[in-house]
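# Remarks on the overall topology
Chain residues, written in single-letter form:
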Number of protein chains: 4
Amino acid sequence: MTNIEMETQTQIAACLEAMNACNKCYVSSLKEYDLGILRESIRLNREAAEICSFAASALSRGTDYKDDILALVVKACRACVAECEKHEHLHCKACVDSCRKCAEVCSPAGLTV
Amino acid sequence: MTNIEMETQTQIAACLEAMNACNKCYVSSLKEYDLGILRESIRLNREAAEICSFAASALSRGTDYKDDILALVVKACRACVAECEKHEHLHCKACVDSCRKCAEVCSPAGLTV
Amino acid sequence: MTNIEMETQTQIAACLEAMNACNKCYVSSLKEYDLGILRESIRLNREAAEICSFAASALSRGTDYKDDILALVVKACRACVAECEKHEHLHCKACVDSCRKCAEVCSPAGLTV
Amino acid sequence: MTNIEMETQTQIAACLEAMNACNKCYVSSLKEYDLGILRESIRLNREAAEICSFAASALSRGTDYKDDILALVVKACRACVAECEKHEHLHCKACVDSCRKCAEVCSPAGLTV
């Protein structure tokens, strides 16, 4: 594997981990007692999960639009971090961790969120 | 419906029509005798079809990243137009028409491709 | 177009209409005051929307698994109907209509739900 | 994690590995000299890749239709195995390995393909 192929595999793995964490947070949030304060979290979880899933597929088929799609992933993951950080639930904390890592891995210079 | 909602519905419809035309062109190209000259067309058909399908879903769920996603649609549809224009097959011509229309409808100012 | 192609186009259109109605119901439900009683509706909306979107793409690319995928659409739409029927919101009623129609169109013999 | 959660994570991982291998085989096949004999392989690669990607997303959001979706994965992966087995290309062999493993992991009793 070339360096670029390895980088792409790392980005795909980070997207899939974020997708998984977002979906777990989504499912758990829908079962919480304090559902009212989790509206935005639920919406942004699904959004980030769908974008990360699309990105993993696209990177895997060698899309011509890698940079644009990674930029979308970074935005969606950062929005999820910003919202889930407000909550104390364990699934929100796990989601913050995976989304922050994914945003780092998919940022152009690997910049920290 | 508000004007923005109507615009979004028009964009969703254009994405879905382009997805359909790209997939038809993809399936037909894979059956052609002169498969060798259709490699890029097949690849770009799938790429545009997947991006248009993702975009229609995202617009339909009220994504926060509408502008970025529409910009991606425009790029993918224009790339498909540029390639399929080179070929005389009827499915390529139909694909060019739907992709060109979709790129127009999804461009910020409705600019012509 | 052959009869089968027309039937497929009708099924694709019904899937996309159901996707759209489910996503609208999902977005609106997340903004409702009585969020607590809409948990299942929100979850089943997303589920049906994603399945209908996948099905439209798959039918459009001429999948070999049409019957299995349509059976999945029918199940997901019926589950959405059964849940959204319990609620009085306009977006739930619109969702019931589109999902019921989609389940009919995608059923093997066009059976009523 | 419960046993069922671990099993689901294993199935998600197998689907994503198969998606990746199918997409690599797809991209490489489109560049081969003997494109003509790879038509079916290209078509089935995309089909299996899209189904595996959809399945990974669906399992990750805790879909109610796990059994039906896994059955679809098994069919798509087996079809890919049956076709790619006919070819000597390294990307076909890698695809056969990942698809066969995925079909095993996602089969009800873990039966061998």
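As the structure is a computational prediction, the values presented were derived from the model and not from experiment.

## Topic: the overall build of chain A
- A tally of helices and strands in chain A yields 4 helices and 0 strands.
- Element order for chain A, N to C, with α for helix and β for strand: α-α-α-α.
- Relative to the globule expectation of 13 Å for 113 residues, the C-alpha radius of gyration of chain A, 14 Å, shows essentially globular dimensions.
- Each principal axis of the C-alpha distribution contributes one length, and for chain A these read about 50 × 25 × 20 Å.
- Each of the 113 residues in chain A was classed as buried or not, and the buried ones make up 58%.
- If you take every contact in chain A between residues at least 6 apart in sequence, the share linking residues at least 24 apart comes to 65%.
- Counting every atom, chain A has about 4700 Å² of accessible surface; 57% of that belongs to carbon and sulfur.

## Side note on the relation of the copies chain C and chain B
- Superposing chain C onto chain B takes a rotation of 180° combined with a translation of 0.0 Å along the rotation axis, leaving an RMSD of 0.0 Å. Both chain copies can therefore be described as sitting about a two-fold axis. When C-alpha positions in chain C are compared against the rotation axis, the closest is assigned to C:S53, at 3.7 Å.
- Looking at the interface residues of chain C, 100% of them are also at the interface in chain B, so both copies use one shared face.

## Examining the confidence of the model for chain A
All names here are of chain A.
- Residues at a pLDDT of 70 or more form 96% of chain A, whose mean pLDDT is 94.
- Per-element confidence in chain A is highest for helix α3 (residues 66–84), whose mean pLDDT is 98, and lowest for helix α1 (residues 3–29), whose mean pLDDT is 95.
- The ipTM assigned to the predicted complex is 0.92, against a pTM of 0.95.

## Comments concerning the packing of aromatic side chains
- Counted under the stated rule, the structure contains 2 aromatic pairs over all chains.
- Geometrically, the ring pair formed by A:F54 and B:F54 is stacked, given 3.7 Å between the ring centres and 5° between the ring planes. Taken as a pair, A:F54 in helix α2 (residues 39–60) and B:F54 in helix α2 (residues 39–60) lie in two separate chains rather than in one. The same class applies to A:F54 and to B:F54, which are both buried.
- Above the face of the A:Y26 ring, C:R46 is positioned so that its terminal group lies 4.5 Å from the ring centre.

## Comments concerning the interface of chain C and chain B
- Listed as interface residues are 13 residues of chain C and, on the opposing side, 13 residues of chain B.
- The junction of chain C with chain B conceals about 1200 Å² of combined surface from both sides, 44% of it contributed by carbon and sulfur atoms.
- Summed over the three residues of chain C that lose the most area to chain B, namely C:N20, C:S60 and C:R61, the buried surface amounts to 34% of that side.
- Taken together, chain C and chain B are joined by 0 salt bridges.
- Taken together, the connections running from chain C to chain B amount to 8 residue pairs in polar contact (both at pLDDT 80 or more).
- By residue number, the principal contributor to the side of chain C that touches chain B is helix α1 (residues 3–29) of chain C, which donates 8 residues.

## A few points about the interface of chain B and chain A
- Opposite the 18 residues of chain B that make contact, chain A presents 18 residues.
- In this assembly, chain B packs against chain A so that about 1600 Å² is buried in total across both faces, 55% of it on carbon and sulfur atoms.
- Three residues stand out in chain B for area buried against chain A, namely B:E47, B:R61 and B:Y65, and they jointly supply 37% of the buried area on that side.
- Put simply, chain B and chain A have 6 salt bridges between them.
- Its salt-bridge partner being A:R43, residue B:D64 comes within 3.0 Å of it at the nearest N-O pair.
- On the surface where chain B and chain A come into contact, there are 10 residue pairs in polar contact (both at pLDDT 80 or more).
- Elements with a minimum of two residues in the side of chain B that touches chain A: α2 and α3 (66–84) of chain B.
- Broken down by element, the residue count for the side of chain B that touches chain A peaks at 7 residues, all from α2(B).

## Things to note about the packing of α3(A) against helix α4 (residues 90–106) of chain A
Residues and elements named next belong to chain A.
- Two numbers describe how α3 lies on α4: the axes approach to 8 Å, and their chain directions differ by 150°. Between α3 and α4, the crossing angle belongs to the class labelled roughly antiparallel. For the element pair α3 and α4, the recorded crossing hand is left-handed. Within the contact between the two elements, α3 uses L70, V73, V74, C77, R78, C80, V81 and C84 and α4 uses C92, C95, V96, C99, R100, C102, A103 and C106.
- Per-class residue counts for the contact of α3 with α4 are 14 nonpolar, no polar and 2 charged.

## Quick look at the environment of A:L70
All names here are of chain A.
- With respect to the element layout, L70 can be found in helix α3.
- L70 gets classed as buried once you look at its relative accessible area, which sits at 5%.
- For L70 and L59, which are 11 residues apart along the polypeptide, the C-alpha to C-alpha distance reads 9.0 Å.
- For L70, the contacting residues outside a window of four places in its chain are Q11, L59 and C106.

## Some thoughts on α3(A)
- Across its 19 residues, α3(A) extends 27 Å between first and last C-alpha, which sits within 8% of the 27 Å expected from 1.5 Å per residue.
- Within α3(A) the residues assigned to the buried category are A:K66, A:I69, A:L70, A:L72, A:V73, A:V74, A:A76, A:C77, A:C80, A:V81, A:E83 and A:C84.
- Looking at the packing, one finds that the buried side of α3(A) touches α1, α2 and α4 of chain A together with α2 and α3 of chain B.

## Comments concerning the packing of α1(A) against α2(A)
Residues and elements named next belong to chain A.
- Their axes nearest at 8 Å, the elements α1 and α2 cross at an angle of 155°. The angle between the axes of α1 and α2 places the two elements in the roughly antiparallel class. When you trace α1 past α2, the crossing you get is left-handed. Residues T8, Q11, I12, C15, L16, A18, M19, C22, N23, C25, Y26 and S29 of α1 lie in contact with α2, whose contacting residues are S41, I42, N45, R46, A48, A49, C52, S53, A55, A56, L59 and S60.
- Residues of the contact of α1 with α2, tallied by class, amount to 15 nonpolar, 8 polar and 1 charged.

How each quantity is defined
- Residues numbered from 1 in each chain as written.
- Chains lettered and ligands numbered in written order.
- Predicted model: local features only at pLDDT ≥ 70, side-chain atom pairs only at ≥ 80, totals over all residues.
- Heavy atoms only, no water.
- Helix = DSSP H or I, 4+ residues; strand = E, 2+ residues; numbered from the N terminus.
- Rg over C-alpha atoms; globule rule 2.2 N^0.38 Å.
- Buried < 20%, exposed > 50% of the residue type's maximum accessible area, 1.4 Å probe, protein only.
- Contact = heavy atoms within 4.5 Å.
- Areas by Shrake-Rupley, 256 points an atom, 1.4 Å probe, with all protein chains shown as cover.
- Least-squares fit on C-alpha atoms with pLDDT ≥ 70 in both.
- pLDDT = per-residue confidence, 0-100.
- Phe/Tyr/Trp six-rings, centres within 6.5 Å; stacked < 30°, edge-to-face > 60°.
- Lys NZ or Arg CZ within 6 Å of the ring centre and 35° of its normal.
- Buried area = accessible area lost by both parts, 1.4 Å probe.
- Salt bridge = Lys/Arg side-chain N within 4 Å of Asp/Glu carboxyl O.
- Polar contact = N/O pair within 3.5 Å; in protein donor to acceptor, adjacent residues only side chain to side chain.
- Axes fitted to C-alpha atoms, helices over the stretch in contact; angles between N-to-C directions.
- Parallel < 35°, antiparallel > 145°, perpendicular 65-115°, else oblique.
- Left-handed = near helix turned anticlockwise from the far one by under 90°.
- Nonpolar A, V, L, I, M, F, W, Y, C, P; charged D, E, K, R; others polar.
- Expected span 1.5 Å × (residues − 1).

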